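A structural walkthrough
Now for the letters of each chain:
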Amino acid sequence: MSPQFMLLRFFGLLQTIAGYVIEKLSTLVLSYVYDSRRQIIKQPENDILLQPAVDIANKIRKRQLRCRDVVNSFIERIRQVNPVLNAVVADRFKQALQEAKDLDDELDSQPENSKLSQELCPLLGVPFTAKEAIAIEGLPNTSGVLHRKGVISSSDADVVVKLRQAGAIPLAVTNCSELCMWWESSNLVYGTTSNPYNTARIVGGSSGGEAAILASAGSVIGVGSDIGGSIRMPAFFCGIFGHKSTTGMVCNDGQYPVAKGEQVHFLTTGPMCRYASDLMPVFKVMTGAENVIKLKLNNKVV
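Structure report, in brief. As the structure is a prediction and not an experimental result, all values here were calculated from the model.

1. A closer look at the overall build of the protein
- On a plain count of helices and strands, the protein comes out with nine helices and eight strands.
- Within the protein, the fraction of its 302 residues that count as buried is 49%.
- A fraction of 71% describes how many contacts in the protein between residues 6 or more apart in sequence connect residues 24 or more apart.
- If you average the places of the 31 positive and of the 28 negative side-chain charges in the protein, the two averages end up 5 Å apart.

2. Comments concerning the side chain of Thr-199
- Checked against the element boundaries, Thr-199 lands in the loop between strand 5 (191-192) and helix 6 (208-215).
- Apart from the residues lying within four places of it in its own chain, the contact partners of Thr-199 are Arg-37, Arg-38, Gln-39, Ile-41, Val-84, Leu-85 and Ser-194.

3. What about the packing of aromatic side chains?
- Counted by the stated rule, this structure contains one aromatic pair.
- Centroid distance Phe-236 to Phe-237: 6.0 Å. Interplanar angle 65°. Geometry classified as edge-to-face.
- Relative accessible area serves as the criterion here: at 63%, Phe-236 is assigned to the exposed category.
- Judged by its relative accessible area of 28%, Phe-237 falls in the partly exposed class.
- Over the ring of Tyr-256 we find Arg-148; its NZ or CZ atom is 3.6 Å from the centre of that ring.

4. Some points on helix 3 (residues 67-85)
- With 19 residues, helix 3 extends 26 Å from end C-alpha to end C-alpha; this agrees with the ideal 27 Å at 1.5 Å per step.
- When the local axis directions of helix 3 are compared, the greatest deviation, roughly 30°, occurs at Arg-79, which is followed within four positions by the proline Pro-83.
- Of all the residues in helix 3, the buried ones are Cys-67, Val-70, Val-71, Ser-73, Phe-74, Ile-75, Arg-77, Ile-78, Val-81, Asn-82 and Leu-85.
- Once helix 3 ends, the next one or two residues include Asn-86, with phi positive near 55°.

5. As for the pairing of strand 6 (residues 221-226)
- Of all six residues that make up strand 6, six are buried, and the element is covered over most of its length.
- Side-chain alternation along strand 6 places Ile-221, Val-223 and Ser-225 on one buried face and Gly-222, Gly-224 and Asp-226 on a second face that is also buried.
- As paired elements, strand 6 and strand 8 (residues 268-273) share six bridges and run antiparallel to each other. Residue Val-223 lies in a different strand from strand 8, and its bridge partner there is Pro-271.

6. Observations concerning the nonpolar core
- Of all hydrophobic cores here, the largest spans 74 residues; its most connected members are Ile-60, Val-71, Leu-123, Leu-163, Leu-171 and Ile-221.
- Sort the elements by how many residues they give to this core and helix 3 lands first, with eight residues.

7. Considerations on the sheet that holds strand 8
- Taken together, the six strands give an open sheet; going across it, the order is 1-3-2-6-8-7, and neighbouring strands pair in mixed fashion. In the strand order of this sheet, the two ends are held by strand 1 (88-91) and strand 7 (241-242), each with one partner.
- Lying over the sheet, helix 3 contacts strand 1, strand 2 (127-131) and strand 3 (169-174), oriented at roughly 10° with respect to strand 3.

8. Thoughts on a nonpolar patch on the surface
- Side chains of Leu-13, Ile-17, Tyr-20, Val-21, Leu-25 and Leu-28 sit close together on the surface and give an oily, nonpolar patch of about 620 Å² of accessible area.
- Positionally, Leu-25 belongs in helix 1 (residues 3-35).

9. Quick word on the packing of helix 5 (residues 158-165) against helix 8 (residues 279-287)
- Taken N-terminus to C-terminus, the directions of helix 5 and helix 8 make an angle of 115°; their axes are 8 Å apart at the nearest point. Note that helix 5 runs across helix 8; the crossing there is right-handed. Between helix 5 and helix 8, the contacting residues are Val-159, Lys-162 and Leu-163 on the first element and Val-282, Val-285, Met-286 and Thr-287 on the second.
- A breakdown of the residues in the contact of helix 5 with helix 8 according to their chemical character gives five nonpolar, one polar and one charged.

10. Remarks on the environment of Ser-31
- The topology assignment puts Ser-31 in helix 1.
- On the accessibility criterion, Ser-31 (27% relative accessible area) is partly exposed.
- Ser-31 sits 67 residues away from Gln-98 along the chain, and the two C-alpha atoms are 46 Å apart.

11. A short note on the environment of Leu-297
- In this fold, Leu-297 is placed in the segment after helix 9 (289-294).
- When neighbours within four sequence positions are excluded, Leu-297 is seen to be in contact with Met-280, Phe-283, Lys-284, Thr-287 and Val-292.

12. Some points on the side chain of Asp-226
- Among the secondary structure elements, Asp-226 is positioned in strand 6.
- Side-chain polar atoms of Asp-226 contact the backbone nitrogen of Ser-230, separated by 3.2 Å.
- Not counting the four nearest positions on each side in its chain, Asp-226 is found in contact with Ile-231, Arg-232, Lys-244, Phe-266, Leu-267 and Thr-268.

13. Topic: the pairing of strand 8
- Within strand 8, six of the six residues are buried, which leaves the element mostly enclosed by the surrounding structure.
- Pairing geometry for strand 7 and strand 8, over two bridges, is antiparallel. Residue pairing across strands places Gly-242 opposite Met-272, the latter belonging to strand 8.

Parameters and conventions
- Residues numbered from 1 in each chain as written.
- Predicted model: local features only at pLDDT ≥ 70, side-chain atom pairs only at ≥ 80, totals over all residues.
- Heavy atoms only, no water.
- Helix = DSSP H or I, 4+ residues; strand = E, 2+ residues; numbered from the N terminus.
- Buried < 20%, exposed > 50% of the residue type's maximum accessible area, 1.4 Å probe, protein only.
- Contact = heavy atoms within 4.5 Å.
- Lys, Arg positive; Asp, Glu negative; His and termini not counted.
- Charge placed at Lys NZ, Arg CZ, Asp CG, Glu CD.
- Phe/Tyr/Trp six-rings, centres within 6.5 Å; stacked < 30°, edge-to-face > 60°.
- Lys NZ or Arg CZ within 6 Å of the ring centre and 35° of its normal.
- Expected span 1.5 Å × (residues − 1).
- Bend = angle between axes of the 7 residues up to and from the residue.
- Pairing = 2+ DSSP bridges.
- Core = buried A, V, L, I, M, F, W, Y, C linked by side-chain atoms within 4.5 Å.
- Axes fitted to C-alpha atoms, helices over the stretch in contact; angles between N-to-C directions.
- Patch = residues over 30% accessible without salt bridge, like charges linked within 9 Å, V, L, I, M, F, W, Y side chains within 5 Å.
- Areas by Shrake-Rupley, 256 points an atom, 1.4 Å probe, with all protein chains shown as cover.
- Salt bridge = Lys/Arg side-chain N within 4 Å of Asp/Glu carboxyl O.
- Left-handed = near helix turned anticlockwise from the far one by under 90°.
- Nonpolar A, V, L, I, M, F, W, Y, C, P; charged D, E, K, R; others polar.
- Polar contact = N/O pair within 3.5 Å; in protein donor to acceptor, adjacent residues only side chain to side chain.

Now the structure itself:
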């Protein structure tokens, strides 16, 4: 074996050892830096926060739960976790509580009101949140873009209209990445959202604030949008459930940025849920009766 070959092997071994040492040292240093920032998110103690949306709606309809108590429970949870997570960036708590009270009064006076049936209002009284890129009347719609700071939605996005018609009550909007373009949820308008399972880690993007507040039980159902993973990646990062449907099955009207060119063929608005059992009921509401038939969503899978 030639001296040159032995020398090459020696330097190769040194390179391997150096790489291993550098990797271990960098992991140790970064773990110390990030873990020192970690804060603990307390587990929810209120039983209302630990129920699927469909169960909450049924209990409200049967008067086993009062809508105002449900909405207030989620508001209190948001106030508890949001100072650490920075997931919710604007809210309409006062209006939501009033809408909940109005629903309670209506159910008390007309408990058999057919307009509030399971068929017409499958999400009766259920509070929901939405990605800030999705318009909710009276709330900001910047998509994390600094020059849009102060832009307030004058109307609801189409998907929000459908959720309201199904009985759901909007609570707040949640953080996203700037222009919904990145695999994290950080921007110059609202800052960075932290992962509830480890606050030193990111939540994915671009619907990361939505995933974080769902994972921490500050919301039970929500609205996201997805071109290249903006629902799916945050759902994966935060351990919740999300669905990117076939393009065109859920109307994208009422969100910023507006899809143009090839983006039109990929952008999908879709459900994000704390519980898998809520995905189909929420998606049915979002897609509308005509598409429910087209997609055969009521057909039993055998």
